[in-house]
Amino acid sequence: MSTLRFHAIKKSLSAKPVPVEEKERRSDIFGKNVFNENSMRQYLTKDAFAGVMNAIQYGKKIDRAIADQVSSSMKDWALSKGVTHYTHWFQPLTGTTAEKHDAFFETIGDGMAIEKFGGSQLVQQEPDASSFPSGGIRNTFEARGYTAWDPTSPAFIYGTTLCIPTIFVAYTGEALDYKTPLLRALQAVDGAATAVCKYFDKNVKKVTSSLGWEQEYFLIDKTLAATRPDIALTGRTLLGHSAAKGQQLDDHYFGSIPSRALNYMRELETECMLLGIPVKTRHNEVAPNQFELAPIFEEANLAVDHNSLLMDIMGRVASRHNFKVLLHEKPFAGINGSGKHNNWSLSTDTGVNLLAPGKTPMSNLQFLTFFINTIKAVNKHEALLRATIASASNDHRLGANEAPPAIISVFIGEQLTKVLEELEGVTKGKLSPQEKTELKLNVVGKIPDVLLDNTDRNRTSPFAFTGNKFEFRAVGSTANCGDPMTVLNTIVAKQLKDFKVEVDKLIDEKGLKKDEAIFNVLREYIKASKRILFEGNGYSEAWEKEAEKRGLSNNKTTPDALKAKISKDSMALFEEMQVMSNIETKARYEIEVEAYIMHIQIEGRVLGDIARNHIVPTAVRYQNTLIENVKGLKEIFDEKFKEVSKEQLNLIEQISNHIESINANVTKMINERKKANAIQDVEKKAQAYCFNVKPLFEDIRYHCDKLELLVDDEIWPLTKYRELLFTR
Ligand code: ADP
Ligand code: MG
């Protein structure tokens with residue numbers, strides 16, 4: 001008997017829901033472990049409070065004296081909560097979060113000690129950057145990097161550590177993390193959008209970008225997961241035959257949440273509440289043991305931090321509930337994978353959501369301005385947007401008939417399509433009074449009504465307008481939302497900047513009124529962006545053909561998709577909007593290509609190991625049993641021998657064939673890997689991994705999965721899909 005697997009199954013069957021207590025109301029514990037506005041008011045002097053608020057709201061620099069006050073108060077607050085250590089918390093380009101704890105504790109001579117935390121420790125630290133990916137930046141310059149306090153994201157306590165959100169940059173100033181470019185992009189979109197808002201309301205001083213992510217994940221029994229080297233090392237199953245039952249009965253989605261999972265969620269949500277992560281929604285997802293968690297949307301930088309923090313906490317809480325959480329985009333073949341919809345909008349400091357239709361024709365014109373500019377931006381930079389969601393793991397999901405295709409398109413619904421069609425017919429130049437009235441009454445004025453019944457939601461669209469926000473659905477579940485959010489906000493910022501120039505030109509040079517000029521520019525934008533609008537089935541083959549005709553990119557693999565990040569257009573865009581220098585853009589590209597190579601390389605090694613050292617020996621063992629059996633049959637039967645041993649002989653042969661194919665393919669894969677490893681150029685190396693190494697995974701898997709169906713269940717070493725997916 002396969003001891004490990006059966007031992008694990010036995011253990012998993014006795015797993016009980018871990019009790020959780022929720023003594024206090026969620027609203028009472030919300031943000032309790034966050035140095036938020038509330039705690040700052042309590043702990044900071046008036047000056048310090050004003051300084052930090054100015055930094056948060058208007059990006060003003062915090063001077064040293066204020067930083068000293070803030071750090072001292074932060075320390076007092078943290079000590080009052082039993083905290084012993086502090087850390088700069090950041091998001092390097094590894095895709096996880098990083099922290100290095102230091103104690104507040106310091107000796108002051110004569111055997112005495114105090115707790116100390118000064119402004120300089122709050123503001124800046126110098127972790128060794130050489131162990132984080134830098135895409136060649138550190139070769140060119142210096143190994144050192146530093147982290148710098150981001151006052152716009154509040155410090156928080158996790159366990160007994162005070163965590164201070166920071167950016168992470170090379171000693172020479174280049175960004176080495178997700179946060180730095182994001183902050184720059186948010187500043188760019190704020191500037192450009194605020195300028196455009198002034199056409200409609202002079203009082204607008206700031207535009208904020210919001211993000212509401214929806215995190216999908218799988219919860220697998222921890223003991224069962226531990227029996228699978230592929231899950232442990234790659235986060236997904238590299239082989240395993242589908243269970244007889246998958247998701248075909250649609251009986252999991254929105255079903256009652258299994259109690260072990262529910263208790264996990266409750267504890268996770270409590271942790272989130274304490275950390276000020278406003279989680280609100282939880283439900284079963286489509287696949288068995290798949291779930292979703294979503295918060296109330298927040299300012300984008302904070303939302304990105306919260307999602308990174310959440311992914312970390314999810315794993316820790318899971319362990320206490322004897323679960324392993326799988327964030328991978330495609331942990332199991334044949335059933336749905338996981339994504340992370342990014343709901344995005346822009347809003348003003350006067351409280352207006354710029355992507356929500358308003359009550360008056362003028363506010364609707366403002367809505368249409370932002371709506372159409374966003375569409376135009378996506379149209380122009382569709383390939384770049386696609387590149388932001390490219391990763392080895394998301395490749396399994398995009399276009400796999402469950403998630404959006406690798407083609408970016410925008411869905412806006414029937415009603416808004418009609419509105420755009422009408423706007424397309426607006427007269428060139430000055431408008432007659434009748435036309436203006438007609439537009440105001442019947443086109444622009446009608447939007448709120450039509451939107452209310454605009455309920456059709458196209459789930460196959462990667463970028464859909466859903467009433468008061470755009471939903472970027474192609475983002476992967478393991479992704480740091482920082483990258484897609486950086487690019488989305490940058491392309492919209494650039495587009496709004498161009499829009500302002502064009503409108504001003506019509507006003508200044510052609511003598512058009514403001515609204516006439518806006519209508520004129522929007523009309524041209526609609527014409528220019530048509531190819532990106534698509535209302536049909538994004539999964540269909542017809543769309544793939546149509547998209548090609550329209551000249552939309554369809555980059556199915558990460559190595560191909562990533563190239564858009566270093567196209568001339570993209571580099572110029574990032575530089576113009578001061579989001580990333582060319583050095584930074586290229587470095588990031590290199591890091592991502594390398595990460596792709598590593599992922600496929602690791603998967604290849606793990607698969608080769610499992611196939612050769614777990615599957616083949618098991619198959620041989622079973623085959624030997626069959627051979628013994630056949631020998632025995634031969635002893636007791638004479639003429640009838642051929643007939644009674646027919647199936648066994650057939651099985652023996654089949655097993656041999658599969659074993660041979662596995663060995664041949666593993667050898668082939670190892671050779672291809674060796675060849676790929678010898679390639680110096682990372683781009684070519686990634687291509688080799690993608691097109692020469694990775695396709696062999698499927699061949700190896702096919703034969704292993706066939707063996708799973710043939711070999712005695714009692715000796716099969718790998719925990720099976722049905723056990724992983726249906727143990728609750
Ligand atoms: P679903 O897409 O699953 O139907 P919802 O549309 O209700 O769910 O919301 C999903 C996410 O969108 C939530 O995180 C929610 O907070 C967020 N969201 C709602 N309105 C906005 C907005 N104006 N800007 C950004 N995110 C938003
Ligand atoms: Mg959604």
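Reading the values: the criteria
- Residues numbered from 1 in each chain as written.
- Chains lettered and ligands numbered in written order.
- Predicted model: local features only at pLDDT ≥ 70, side-chain atom pairs only at ≥ 80, totals over all residues.
- Heavy atoms only, no water.
- Helix = DSSP H or I, 4+ residues; strand = E, 2+ residues; numbered from the N terminus.
- Buried < 20%, exposed > 50% of the residue type's maximum accessible area, 1.4 Å probe, protein only.
- Contact = heavy atoms within 4.5 Å.
- Areas by Shrake-Rupley, 256 points an atom, 1.4 Å probe, with all protein chains shown as cover.
- Lys, Arg positive; Asp, Glu negative; His and termini not counted.
- Charge placed at Lys NZ, Arg CZ, Asp CG, Glu CD.
- Donors = N, O, S within 2.8 Å, 3.2 Å for Na, K, Ca; no water.
- Domains from an automatic or database assignment.
- Buried area = accessible area lost by both parts, 1.4 Å probe.
- Salt bridge = Lys/Arg side-chain N within 4 Å of Asp/Glu carboxyl O.
- Disulfide = S-S within 2.5 Å.
- Near = heavy atom within 4 Å.
- Polar contact = N/O pair within 3.5 Å; in protein donor to acceptor, adjacent residues only side chain to side chain.
- Core = buried A, V, L, I, M, F, W, Y, C linked by side-chain atoms within 4.5 Å.
- Axes fitted to C-alpha atoms, helices over the stretch in contact; angles between N-to-C directions.
- Parallel < 35°, antiparallel > 145°, perpendicular 65-115°, else oblique.
- Left-handed = near helix turned anticlockwise from the far one by under 90°.
- Nonpolar A, V, L, I, M, F, W, Y, C, P; charged D, E, K, R; others polar.
- Patch = residues over 30% accessible without salt bridge, like charges linked within 9 Å, V, L, I, M, F, W, Y side chains within 5 Å.

Visitor: Quick one: what's the story with the overall build of the protein, residue by residue and with numbers?
Guide: Regarding its fold elements, the protein presents 27 helices and 17 strands. With respect to the three principal axes, the spread of C-alpha positions in the protein is 105 × 80 × 55 Å. By residue count, 55% of the 728 residues in the protein fall in the buried class. Contacts in the protein between residues at least 24 apart in sequence constitute 76% of all its contacts with a sequence separation of at least 6. By element, 52% of the accessible surface of the protein is carried by carbon and sulfur atoms, the whole surface being about 31300 Å². Within the protein, the 95 negative side-chain charges are centred at a point lying 1 Å from the centre of the 93 positive side-chain charges.

Visitor: Report on unusual backbone geometry, specifying residues and quantitative values.
Guide: Positive phi is not limited to glycine here, since N289 has a value of about 60°. Phi at Q578 takes a positive value of approximately 55°, unusual for a residue other than glycine. Relative to the assigned elements, Q578 resides in the loop between helix 22 (568-576) and helix 23 (582-636).

Visitor: How would you explain the coordination of the magnesium ion (ligand 2) if you had to name every residue and give the values?
Guide: Distances from the magnesium ion (ligand 2) to its protein donors, E214 (OE), E214 (OE) and E471 (OE), fall within 2.0 to 2.7 Å. Of this pair, E214 sits in strand 9 (residues 207-221) while E471 sits in strand 17 (residues 470-472), and the two are 257 residues apart along the sequence. Looking at E214, the relative accessible area reads 16%, which means it is buried.

Visitor: Give me the lowdown on the domain arrangement of the protein, citing residues and values where you can.
Guide: Here the protein is described as being made up of domain 1 (31-174), domain 2 (187-237 + 246-580) and domain 3 (595-726). Between domain 2 and domain 3, the C-alpha centre-to-centre distance is 41 Å. Domain 2 puts 30 residues into the contact, and the matching count from domain 3 is 23 residues. Summing both partners gives a buried area of about 2100 Å² for domain 2 against domain 3, and 67% of it is carried by carbon and sulfur. When the buried surface of domain 2 facing domain 3 is broken down by residue, R228, A392 and P559 rank first, second and third, together holding 22% of it. Viewed at the interface, domain 3 and domain 2 are joined by one salt bridge. With its nearest N and O atoms 2.8 Å apart, the salt bridge here joins E603 to R236.

Visitor: Break down the state of the cysteines for me, with residues and values.
Guide: This structure, assessed with the given rule, holds zero disulfides. Between C272, a cysteine without a disulfide, and C481, which holds the nearest cysteine sulfur, the sulfur-to-sulfur distance is 14 Å. We classify C481 as buried; its relative accessible area is 1%.

Visitor: Which residues make up the environment of L416, and what values go with them?
Guide: As for its position among the elements, L416 is in helix 15 (residues 414-424). You can call L416 buried: its relative accessible area is 0%. Taking the C-alpha atoms as reference points, L416 and F465, separated by 49 residues in sequence, lie 9.6 Å from one another.

Visitor: Which residues make up the site of ligand 1, and what values do they have?
Guide: Not every one of the 14 residues close to ligand 1 is listed here, only the nearest: E214, P295, F297, S345 and K469. N343 places a polar side-chain atom, nitrogen or oxygen, 3.2 Å from an oxygen atom of ligand 1. Between ligand 1 and N353, the relevant distance is 3.4 Å, taken from a nitrogen atom to a side-chain nitrogen or oxygen of the residue. Its free accessible area being 560 Å², ligand 1 has 75% of it covered by the protein chains. Of the residues forming the shell around ligand 1, the biggest block, three residues, is contributed by strand 9.

Visitor: Can you explain the nonpolar core? Please cite residues and give values.
Guide: With 113 residues, the main nonpolar core has Y217, Y264, L368, F371, L423 and I491 as its most contacted residues. Each of domain 1 (31-174) and domain 2 (187-237 + 246-580) accounts for three or more of the residues forming this core.

Visitor: How would you summarise the packing of helix 8 (residues 179-197) against helix 12 (residues 300-320) if you had to cite specific residues and measurements?
Guide: Close contact between helix 8 and helix 12 brings their axes to 10 Å; oriented N to C, the two are set at 155°. For the element pair helix 8 / helix 12, the angle class is roughly antiparallel. Note on packing geometry: the crossing formed by helix 8 with helix 12 is right-handed. Residues K179, L182, L183 and L186 of helix 8 lie in contact with helix 12, whose contacting residues are A300, N301, V304 and D305. Taken together, the residues of the contact of helix 8 with helix 12 sort by class into five nonpolar, one polar and two charged.

Visitor: Any chance you could break down a positive patch on the surface for me, citing the residues and the numbers?
Guide: Taken together, the side chains of K198, K202, K205 and K514 make up a positively charged region of the molecular surface. Following the sequence through the fold, K198 ends up in the loop between helix 8 and strand 9.

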